[in-house]
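# Topology and contacts: notes
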Amino acid sequence: MRYHEVLLPLILSILLFAAAAWVTFPLDQPYEEDRLALPATVSAGVPADVLLLQQTLGAFRGWAIDALWLKALQRRDQGQLHESMELSRWILKLQPYFPRVWNFQSWLLAFELALDSRDPAERWTWVKESVDLLRGPGLRANPRSSEIHDQLSYLFWFKIGGVQDDASPFFRQRLFQEWNRIVGKESGNKIEVENTLQRFSELLKTPDWQRDLTVEEKELLGFENSSEEGPYGVLVQVLSVLDQDRITTEQSELLDRLRCRVIVEAMNMSPRLMLQLNQWMGPIDWRVPAAHAVYWGVQGELRRETGEIDVDLNQDLLADVLLSNHVRIGLQQLILQGRPVLNRSTGELLTIGPRPEFLPVYLRALEELGNGEQIPDQFLGRTKELMGDTALKAWLLEEDSLSEEILARLLRLEGASEEKVLQESNRPLVDRLAQLVLQKLEPDEALKEITIPLQASTLVAAAGGGVISEARRGQQLVETLEKSLDQSERRSNRYFSLILALRSPRASAPLTVKSRIWQTLSEELRQEIDDATRSVLREDARLNDVEAEISCPGL
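Here the structure is a predicted model, which is why all the values come from computation and not from measurement. (Residues numbered from 1 in each chain as written. Predicted model: local features only at pLDDT ≥ 70, side-chain atom pairs only at ≥ 80, totals over all residues. Heavy atoms only, no water.)

### What to know about the overall build of the chain
Along the chain, the regular secondary structure elements total 28 helices and two strands. Residue burial in the chain is summarised as follows: out of 555 residues, 50% are buried. Partitioning the contacts of the chain with sequence separation of at least 6, the portion at a separation of at least 24 is 67%. A total of about 27900 Å² of accessible surface is found on the chain, and carbon and sulfur atoms cover 52% of it. (Helix = DSSP H or I, 4+ residues; strand = E, 2+ residues; numbered from the N terminus. Buried < 20%, exposed > 50% of the residue type's maximum accessible area, 1.4 Å probe, protein only. Contact = heavy atoms within 4.5 Å. Areas by Shrake-Rupley, 256 points an atom, 1.4 Å probe, with all protein chains shown as cover.)

### Considerations on the nonpolar core
If you look at the biggest cluster of nonpolar residues, it comprises 110 residues, and the most contacted ones within it are Trp179, Met281, Trp286 and Leu331. Looking at this core element by element, the count peaks at eight residues for helix α14 (residues 289–306). Non-local contacts of Trp179, meaning those with residues more than four positions away in its chain, are made with Gly184, Ile263, Met267, Met269, Met274, Trp286, Arg287 and His292. Counting 21 residues, the second largest nonpolar core, distinct from the first, contains Tyr495, Leu537, Ala541 and Leu555. (Core = buried A, V, L, I, M, F, W, Y, C linked by side-chain atoms within 4.5 Å.)

### Re the environment of Phe358
Among the secondary structure elements, Phe358 is positioned in the loop between β2 (349–353) and α17 (359–369). Measuring from C-alpha to C-alpha, the distance between Phe358 and Met281 comes to 6.7 Å, with 77 residues separating the pair along the chain. With residues near it in sequence (within four places) discarded, Phe358 still touches Met281, Gly282, Pro283, Ile284, Leu331, Leu334 and Ile335.

### Some details on the packing of helix α19 (residues 400–413) against helix α20 (residues 418–425)
How two helices pack is summed up by the angle between their axes together with the distance between the axes. At their nearest, the axes of α19 and α20 sit 10 Å apart, and the two run at 145° to each other. In this structure, α19 crosses over α20, and the sense of that crossing is right-handed. Contacts from Glu404, Ala408, Leu411 and Arg412 in α19 reach Glu418, Val421, Glu424 and Ser425 in α20. Residues that form the contact of α19 with α20 fall into these classes: three nonpolar, one polar and four charged. (Axes fitted to C-alpha atoms, helices over the stretch in contact; angles between N-to-C directions. Left-handed = near helix turned anticlockwise from the far one by under 90°. Nonpolar A, V, L, I, M, F, W, Y, C, P; charged D, E, K, R; others polar.)

### Focus: helix α24 (residues 487–502)
For α24, which comprises 16 residues, the first-to-last C-alpha distance of 23 Å matches the rise-based estimate of 22 Å (1.5 Å per residue) to within 8%. Considered for burial, the residues of α24 that qualify are Asn493, Tyr495, Ser497, Leu498, Ile499, Ala501 and Leu502. (Expected span 1.5 Å × (residues − 1).)

### With respect to the pairing of strand β1 (residues 339–342)
Direction of pairing for β1 relative to β2: antiparallel, over a ladder of four bridges. Bridge pairing links Val341 to Thr351 in β2. Joining the antiparallel neighbours β1 and β2 is a turn of six residues, in which Gly347 adopts a positive phi near 80°. (Pairing = 2+ DSSP bridges.)

### Remarks on helix α18 (residues 377–396)
At 3.6 residues per turn, the α-helix brings residues three or four places apart onto the same side. With 20 residues, α18 extends 30 Å between its outermost C-alpha atoms, agreeing within 8% with the 28 Å of an ideal straight helix rising 1.5 Å per residue. For α18, every residue scored as buried is listed here: Thr383, Leu386, Met387, Gly388, Asp389, Thr390, Ala391, Leu392, Lys393, Ala394, Trp395 and Leu396. Where α18 is buried, its residues contact α16 (325–336), β2, α17, α19, α21 (429–438) and α23 (468–481). The first or second residue beyond α18 is Glu398, which carries a positive phi of 65°.

### As for unusual backbone geometry
With a phi close to 55°, Asn268 is a non-glycine residue in the positive phi region. We note that Glu398 has phi near 65°; this positive angle belongs to a residue other than glycine. Inspection of the secondary structure assignment puts Glu398 in the loop between α18 and α19. Glu398 gets classed as partly exposed once you look at its relative accessible area, which sits at 38%.

### A few points about the packing of aromatic side chains
One pass over the structure, following the stated rule, counts ten aromatic pairs. When the centroid spacing of 6.2 Å and the interplanar angle of 80° are considered together, the rings of Trp286 and Tyr295 count as edge-to-face. The exposure class assigned to Tyr295 is buried, which follows from its relative accessible area of 0%. In textbook terms, an aromatic cluster arises when at least three aromatic residues are bridged by ring pairs, as seen for Trp107, Phe111, Tyr154, Trp157 and Phe158. Looking at Lys159, its charged tip hangs above the ring of Phe111, at a distance of 4.8 Å from the centre. (Phe/Tyr/Trp six-rings, centres within 6.5 Å; stacked < 30°, edge-to-face > 60°. Lys NZ or Arg CZ within 6 Å of the ring centre and 35° of its normal.)

### Points about the pattern of salt bridges
Taken as a whole and judged by the stated rule, the model has 33 salt bridges. With a closest N to O distance of 3.9 Å, Glu385 and Arg382 form a salt bridge. Of the two residues, Glu385 and Arg382 both sit in helix α18, three residues apart, roughly one turn of that helix. By relative accessible area, Arg382 is classed as partly exposed at 31%. (Salt bridge = Lys/Arg side-chain N within 4 Å of Asp/Glu carboxyl O.)

### Remarks on the side chain of Glu178
Its place among the elements puts Glu178 in helix α8 (residues 168–183). Contact partners of Glu178, with chain neighbours within four places excluded, come to Lys128, Arg135, Tyr232 and Met267.

### Side note on a negative patch on the surface
Together, Glu442, Asp444, Glu445 and Glu449 give the surface a local cluster of negative charge. Tracing the sequence through the fold places Glu442 in the loop between α21 and α22 (448–465). (Patch = residues over 30% accessible without salt bridge, like charges linked within 9 Å, V, L, I, M, F, W, Y side chains within 5 Å. Lys, Arg positive; Asp, Glu negative; His and termini not counted. Charge placed at Lys NZ, Arg CZ, Asp CG, Glu CD.)

### Side note on the packing of α17 against α18
One can describe the packing of α17 onto α18 by two numbers: an axis separation of 11 Å at closest approach and a directional angle of 175°. One finds that α17 runs roughly antiparallel with respect to α18. Taken together, the residues of α18 that come into contact with α17 (itself represented by Leu359, Tyr362, Leu363, Leu366 and Leu369) are Phe379, Thr383, Leu386 and Met387. In the contact of α17 with α18, the residues fall into eight nonpolar, one polar and no charged. (Parallel < 35°, antiparallel > 145°, perpendicular 65-115°, else oblique.)

And the structure:
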């Protein structure tokens, strides 16, 4: 074989690939001008091997992306989720400036692959990976994408903050633990949070805020080098050995720098915007998912309004971001679930209580939809329901004065006179709340549709799966609601409440809680428990490596 017979085609192929790569520069220029993509010279968080692959394919890149995208959708529809994930990864290597594919991959992680497991910890791994994918490489490649910011907000208010996933209580506990380390235990105090975020914002102006800790600084914090990488891993190890009750000024400053790096680098968030949200909206506790739903919703709206990456939130922009659907839903959750309720002895999260301080800014958001005059009729019903739910949540936590205050606001929103407000305040609080609960019933719904789930939650709370006041007050509310029922109907509802409690997801009622419920039952009542419920209890015992007969005697 002659060398020129091989060499000439090889040289021609190289020239053709080089020409194809050169063609991509004018093709990408309109996208860069329209801010749909960042130029390769800008640090966009895209690895060098990805950039090389993009340029190598040249003008064929678009064809390859279309083919892979169609194949990824097909694999998803066929239930081949892992294959669909791999195809979407290839698309992201070819075109990292395609927000829809980032959201698609995030969806597969949080809503498809996560549901393959019954274990809440395994589900959280997928959900966290979904969040990290978007706020990490996704936003670094597409920092101006409002679409990715909106998806992040949705993940926090729907997947983590909502009740659609039965493992969501576990998600909220993990998020609380993570941010309790990042912002500190005083994050429920508005002044403390603002002071902390102010320090972080000032720290970002210093030239060495991003540098790694020196050997001397690590020794001062009691930290030893290990396999942990990244600022968050270092922070976790430091807090595990540092006595925070006897912390020195120098140690405090080093912790501030470490925590600031976690927020900026690991969470890809702006301490300055977090501070501005606290100042404009109220005492945001960053340990609850609703806070992050609001943050990312605001960021998405700021991208739409300004097209800029780093923007100060002023009065005019605040009016614009309050029109965002994601921001409004996040505010709803902050009102109803904006304040962590902790176990006083262990500091663990028990539940999330209401934060009605956000009601004014939420009502203002609705008024902005009504041209700044009044709340549109289509939002009025949901607003009243939200206020009623918040008043009920406060009452269940034995915060009667807060519940009274919210009910008074609700009456004024409905146009009641001050005389009517005073007259209502003389009625028993539980009767007024029961009336609000009954208003939720549809005409064709039976009372048991409300009382059975409510009584099941009181059984779980009483057995250690919640706050004890929720158990006492919840039972009181059930009895008030069921006054009109006869004894047999109450007994039947009690039985089905018990079944529902014993079948509760492990995230909200672990085996220890179900075991306590079982042990309170009489022998006669145990015999009435159906086979399906017994099967659930046996499976829970198996997953916990416990003998079913030990956890639930007589099962």
